[in-house]
Amino acid sequence: MKTSRLSLTINGARRTIETPPMKRLLDVLREDFQLTGTKEGCGEGECGACSVILDGVLVNSCLVPALHAAGANVRTIEGLSPGGSHPVQAAFARCGGAQCGICTPGMIMASVHLLERNPHPSRLEIQEALAGNLCRCTGYQKIIDAVQAASEGDEIADL
Ligand code: FES
Ligand code: FES
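Residues numbered from 1 in each chain as written. Chains lettered and ligands numbered in written order. Predicted model: local features only at pLDDT ≥ 70, side-chain atom pairs only at ≥ 80, totals over all residues.

**As for unusual backbone geometry**
Step number 1: The phi dihedral of D55 is positive, around 50°, even though this residue is not glycine.
Step number 2: Of note, D55 is situated in the loop between β3 (51–54) and β4 (57–60).
Step number 3: Here D55 falls in the partly exposed class, since 14 other C-beta atoms lie within 10 Å of it.
Step number 4: One non-glycine residue, Y140, lies in the positive phi region at around 75°.
Step number 5: By secondary structure assignment, the location of Y140 is in the loop between α4 (123–129) and α5 (141–152). (Helix = DSSP H or I, 4+ residues; strand = E, 2+ residues; numbered from the N terminus. Buried ≥ 20, exposed ≤ 12 C-beta atoms within 10 Å, placed from the backbone.)

Shown next, in the form of structure tokens:
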């Protein structure tokens, strides 16, 4: 299979690999960089489980070919904090915002993306920001509670 050189920045570190240019960013992250925190749900852009932040934009990494990430800055769940201590991760744990956990990394990346732009969102704004992220377990209320709790913490101002 034809490959090409891909250089990008992942969680602040410059990385280079040889990869098929149409390989999904999701697979590049999970297989080439062992960043398995990013999950695959539907594989079709519907569930948001694979959400990462690409040059400041929340994307479904299952829909992004590797070549579109060339030179880009990618943030994944692993880059938020060592050991899961980011305030949004802590709020999810505290509020019961995670059950099976498949949707959780994507939910957290979507939440971080929101809170970095709008540190004190309304519940409606939280719902709208998470509309592309599906959860089969929690009924969403605890997730929204968690994002709201995180938004009320002083730590968010330092994100
Ligand atoms: S796995 Fe990418 S949107 Fe569902
Ligand atoms: S916690 Fe299971 S899908 Fe959301």
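That shown, we press on.
**As for the domain arrangement of the protein chain**
Step number 1: Here the protein chain is partitioned into domain 1 (4–79) and domain 2 (82–158).
Step number 2: On a C-alpha basis, the centroid separation for the pair domain 1 and domain 2 is 21 Å.
Step number 3: Contact with domain 1, which involves 13 residues of that partner, is made by eleven residues of domain 2.
Step number 4: In terms of residues, the side of domain 1 that touches domain 2 owes the most to one element, β3, which gives three residues. (Domains from an automatic or database assignment. Contact = placed C-beta atoms within 7 Å.)

**Quick word on the nonpolar core**
Step number 1: Core analysis: the largest hydrophobic core is formed by 41 residues, its most contacted members being L25, A69, V88, M107, I108 and I143.
Step number 2: For this core, the secondary-structure elements that each account for two or more residues are β1 (4–10), α1 (25–32), α2 (87–95), α3 (104–117), α4 and α5.
Step number 3: With seven residues, the single largest contributor to this core is α3.
Step number 4: Structurally, this core is a two-domain feature, drawing no fewer than three residues from each of domain 1 (4–79) and domain 2 (82–158).
Step number 5: Ignoring any residue separated from it by four or fewer positions in sequence, one finds V88 in contact with I108, S111, V112, L115 and A150. (Core = buried A, V, L, I, M, F, W, Y, C linked by C-beta atoms within 7 Å.)

**Some remarks on the environment of S122**
Step number 1: With respect to the element layout, S122 can be found in the loop between α3 and α4.
Step number 2: Distance in space between the C-alpha atoms of S122 and Q148 is 7.9 Å, their sequence separation being 26 residues.

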